[in-house]
Amino acid sequence: MPYHSNMTPYYDVFNAEEEEDFLETETAKCRQTLRSLLGQLRLQDPRLTDISLDFGLGKCDLANLCDALRDSNRLERLKISNWPMGDKGANCLGDAIASPGCHIRELSLRTCGIQGAGAVSIFGALEFNSSLVKLDLSRSNLRFGLVNISEAFEFSIPRM
């Protein structure tokens, strides 16, 4: 592409301190939101039917969420994105979803770092939770886990 002298150069200045402050602020907001939601879940608040969490929180946060989900008979939709829980977090979530008191209908785990073992745990929860009808694992690293998933459910994945 030829250079045009009338083009204004664009410079993106990255300030690491501002970015770090922003991330700390967003994480603090998410933790506060999560604490409030966990309280509502534990009290079986009938108004709480959807939870959407978008940001990376810690392992303790996920463990607390999983504990609250075990008896969340009113929660219908759970959306978690950009939370690097990986397979260990997915296993914890799979155990919570398999609990008799959990009646989630829709689960979205986008960009959560879930691989094959974590996906198998989530799929395994379907054996115990028949209310889950929609599952979104998009933007996960499942390329190497597809064989495990197909073996777990005894179906073949079409080859392209």
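This section reports on the structure supplied with the text.

Digging into the sheet that holds strand 2 (residues 77–81)
Step number 1: Pairing within the open sheet is parallel, and its 4 strands lie in the order 1-2-3-4. The outermost strands of the open sheet, each flanked by one partner alone, are strand 1 (50–54) and strand 4 (134–136). Here the strands of the sheet are splayed against their neighbours by 0° on average, with no regard to which way each runs.
Step number 2: Relative to strand 2, strand 1 runs parallel, the two sharing 5 bridges. The residue of strand 2 that forms the bridge with S52 is K79.

Focus: the environment of A28
Step number 1: Among the structural elements, A28 can be located in helix 1 (residues 16–42).
Step number 2: Along the sequence, A28 and L57 sit 29 residues apart, while their C-alpha atoms lie 9.2 Å from each other.

Observations concerning unusual backbone geometry
Step number 1: In the Ramachandran plot, Q44 falls in the positive-phi region, its phi being about 55° despite a non-glycine side chain.
Step number 2: Judged by relative accessible area, Q44 falls into the partly exposed class, the value being 23%.
Step number 3: The phi dihedral of T111 falls on the positive side, at around 55°, and the residue is not glycine.

Brief notes about the nonpolar core
Step number 1: With 34 residues, the main nonpolar core has L41, L65, L69, L78, I80, L93 and L109 as its most contacted residues.
Step number 2: Looking at this core, the elements with two or more residues in it are helix 1, strand 1, helix 2 (59–69), strand 2, helix 3 (86–97), strand 3 (106–110) and helix 4 (116–125).
Step number 3: Discounting residues that sit within four places of it in the chain, I80 has contacts with L53, L65, M85, L93, S108, L109, R110 and C112.

Some words on the pairing of strand 3
Step number 1: Here strand 2 runs beside strand 3; their pairing, made up of 5 bridges, is parallel. Its bridge partner lying in strand 3, S81 is registered against R110.
Step number 2: Handedness of the crossover is the feature at issue here: the chain leaves strand 2, passes through helix 3, returns alongside strand 3, and the resulting connection is right-handed.
Step number 3: Examined bridge by bridge, strand 3 and strand 4 share 3 bridges and lie parallel to one another. Its bridge partner being in strand 4, S108 is matched across the sheet by D136.
Step number 4: Each parallel crossover has a hand, and for strand 3 linked through helix 4 to strand 4 it is right-handed.

Rules behind the numbers
- Residues numbered from 1 in each chain as written.
- Predicted model: local features only at pLDDT ≥ 70, side-chain atom pairs only at ≥ 80, totals over all residues.
- Heavy atoms only, no water.
- Pairing = 2+ DSSP bridges.
- Helix = DSSP H or I, 4+ residues; strand = E, 2+ residues; numbered from the N terminus.
- Axes fitted to C-alpha atoms, helices over the stretch in contact; angles between N-to-C directions.
- Buried < 20%, exposed > 50% of the residue type's maximum accessible area, 1.4 Å probe, protein only.
- Core = buried A, V, L, I, M, F, W, Y, C linked by side-chain atoms within 4.5 Å.
- Contact = heavy atoms within 4.5 Å.
- Right-handed = clockwise from strand over helix to strand, strands pointing away.

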